[in-house]
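Summary of the model geometry
Given next are the chains, with one letter for each unit.
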Amino acid sequence: MKQLQKGKKMLEDKLLRLYVKAACFKMSSERGDTNFISIIIILGIVIILAGAFIGFKDKIMEQIEPIINGFQLKKPE
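In what follows, the accompanying structure is described. (Residues numbered from 1 in each chain as written. Predicted model: local features only at pLDDT ≥ 70, side-chain atom pairs only at ≥ 80, totals over all residues. Heavy atoms only, no water.)

In this section: the overall build of the chain. Of regular secondary structure, the chain possesses 2 helices and 0 strands. Expressed as a percentage of its 77 residues, the buried residues of the chain come to 0%. For the chain, the computed accessible surface area is about 8,100 Å², with 69% contributed by carbon and sulfur atoms. (Helix = DSSP H or I, 4+ residues; strand = E, 2+ residues; numbered from the N terminus. Buried < 20%, exposed > 50% of the residue type's maximum accessible area, 1.4 Å probe, protein only. Areas by Shrake-Rupley, 256 points an atom, 1.4 Å probe, with all protein chains shown as cover.)

Structure representation (structure tokens):
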């Protein structure tokens, strides 16, 4: 009788470990999907910014050029 109870307890423990392992795997697999979606969103933002910069590069350079030309380097004494 004790052998049967011991076997039952071992089986319950094994099933519980398998259940926890399966639940953890399901949670970790969703994280990969979220990372993939985040990468797609970031790539979209970068492409939009690059397109805006290419489209307005002449206007941007006209505004930045006086600032850049205004820098003066001091000679060390």
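Quick look at helix 2 (residues 57-69) now. Here helix 2 is 13 residues long and its end C-alpha atoms lie 17 Å apart, about the 18 Å a rise of 1.5 Å per residue gives. At Gln63, helix 2 is bent by approximately 30 degrees, the largest bend along its length, and proline Pro66 sits one to four residues beyond. Counting buried positions over the 13 residues of helix 2 gives 0, only a small fraction of the element. (Expected span 1.5 Å × (residues − 1). Bend = angle between axes of the 7 residues up to and from the residue.)

Further remarks concern a nonpolar patch on the surface. A grouping of Phe36, Ile37, Ile40, Ile41, Ile45 and Leu49 is seen on the molecular surface, where their side chains present a nonpolar patch of about 630 Å² in accessible area. Residue Phe36 is classed as exposed on the basis of its relative accessible area, which comes to 54%. (Patch = residues over 30% accessible without salt bridge, like charges linked within 9 Å, V, L, I, M, F, W, Y side chains within 5 Å. Salt bridge = Lys/Arg side-chain N within 4 Å of Asp/Glu carboxyl O.)

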